[in-house]
Amino acid sequence: MAIAEQHAAAPIESVPVTRQAADWIANVASEDITDRARTWAKHALLDWIAVTLAANNEPLVGMMVEELADDQPGKCTVVGQGRKTTRLNAAMINGAASH
């Protein structure tokens, strides 16, 4: 079995570092976030959106949309494509587009 298949089959609870990070993020009080951190977060989000939109016409993104989004409708947005699909497919397509 390939490494990717092993990790895909593993339940989320078996990845304690991810769980710890998620718990920490979920419990941060908004008053604990500095103005500087908010500014950098805004920059990072704007950068991600711009890069993802710029990849709108990339062949890989088109292939992924055809294979994943068209066959499996859902509630999650595929950025720049005007389509929705499952959360996993949207994460994969949007992740590929943003890289």
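Criteria and cut-off values
- Each chain has its residues counted from 1, following the order in which its sequence is written.
- Per-residue local features of the predicted model are confined to residues with pLDDT of at least 70, and side-chain atom pairs are confined, for both listing and counting, to 80 or more; whole-chain, interface and lining totals are unaffected and use all residues.
- Computation of side-chain values covers all heavy atoms of the structure but excludes hydrogens and water.
- Helical segments are the DSSP runs of H or I of at least four residues, strand segments are the runs of E of at least two, and each set is numbered from the N terminus.
- The buried label goes to any residue with under 20% of its type's maximum accessible area, the exposed label to any with over 50%, and the partly exposed label to all in between, with areas taken from a 1.4 Å probe on protein chains only.
- Contacts are assigned to residue pairs that have any heavy atoms within 4.5 Å of one another.
- Along the arc lie the directions from the helix axis toward the C-beta atoms.
- For the purposes of these results, a polar contact is taken to be a pair of N or O atoms within 3.5 Å, where, inside protein, one atom must be able to donate a hydrogen and its partner to accept one; residues adjacent in sequence count only when each atom of the pair is a side-chain atom.
- Put simply, a nonpolar core is a bunch of buried Ala, Val, Leu, Ile, Met, Phe, Trp, Tyr and Cys residues held in one set by side-chain atoms that sit within 4.5 Å of each other.
- All axes here are fitted lines through C-alpha atoms, helices being fitted over the stretch that makes contact, and every angle between N-to-C directions spans 0 to 180 degrees.
- Oblique is the label for any angle not covered by the other classes, which are roughly parallel (under 35 degrees), roughly antiparallel (over 145) and roughly perpendicular (65 to 115).
- Residues are grouped as follows: Ala, Val, Leu, Ile, Met, Phe, Trp, Tyr, Cys and Pro are nonpolar; Asp, Glu, Lys and Arg are charged; all remaining types, including Gly, are polar.

**Thoughts on the overall build of the protein chain**
Stage number 1. Within the protein chain, the secondary structure is distributed over 5 helices and 2 strands.
Stage number 2. Counting from the amino terminus, helix and strand elements in the protein chain follow one another as α-α-α-α-β-β-α.
Stage number 3. Residues classed as buried in the protein chain amount to 16% of the 99 residues present.
Stage number 4. Across the protein chain, contacts joining residues at least 24 apart in sequence account for 37% of those joining residues at least 6 apart.

**With respect to helix H5 (residues 87-97)**
Stage number 1. Residues of H5 that are buried include every one of Asn89, Ala90, Ile93, Asn94 and Ala97, and no others. Along H5, the residues classed as buried sweep out an arc of 120 degrees about the axis, all on the same side. Exposed residues lying more than 90 degrees from the buried face of H5 are Arg87, Leu88 and Ala91.
Stage number 2. For H5, the secondary structure elements touched by its buried residues are helix H3 (35-54), helix H4 (59-69), strand E1 (76-78) and strand E2 (83-85).

**Some remarks on the side chain of Ser98**
Stage number 1. The topology assignment puts Ser98 in the segment after H5.
Stage number 2. Reaching out from Ser98, the side chain makes a polar contact with the backbone oxygen of Gly95 at a distance of 3.0 Å.

**Some details on the nonpolar core**
Stage number 1. If you look at the biggest cluster of nonpolar residues, it comprises 9 residues: Ala55, Val61, Met64, Val65, Leu68, Ala69, Val78, Ile93 and Ala97.
Stage number 2. Looking at this core, the elements that each hand over two or more residues are H4 and H5.
Stage number 3. It is H4 that provides the largest number of residues to this core, a total of 5 residues.
Stage number 4. With near-sequence residues (within four places) excluded, Ala55 lies in contact with Val61 and Ala97.

**A look at the environment of Leu53**
Stage number 1. Within the secondary structure, Leu53 is located in helix H3.
Stage number 2. In sequence terms Leu53 and Ala97 are 44 residues apart; their C-alpha atoms lie 7.8 Å from each other.
Stage number 3. Once residues lying within four places of it in the same chain are set aside, the contact partners of Leu53 are Val79 and Gly80.

**Overview of the packing of H4 against H5**
Stage number 1. Interaxial distance between H4 and H5 falls to 10 Å at its minimum, and their mutual angle equals 175 degrees. Overall, the two elements H4 and H5 adopt an arrangement that is roughly antiparallel. From H4, Leu60, Val61, Met64, Val65, Leu68 and Ala69 reach across to H5, where they touch Asn89, Met92, Ile93, Ala96 and Ala97.
Stage number 2. When the residues that make up the contact of H4 with H5 are grouped by side-chain class, the tally is 10 nonpolar, 1 polar and no charged.

This is a description of form; function is not addressed.
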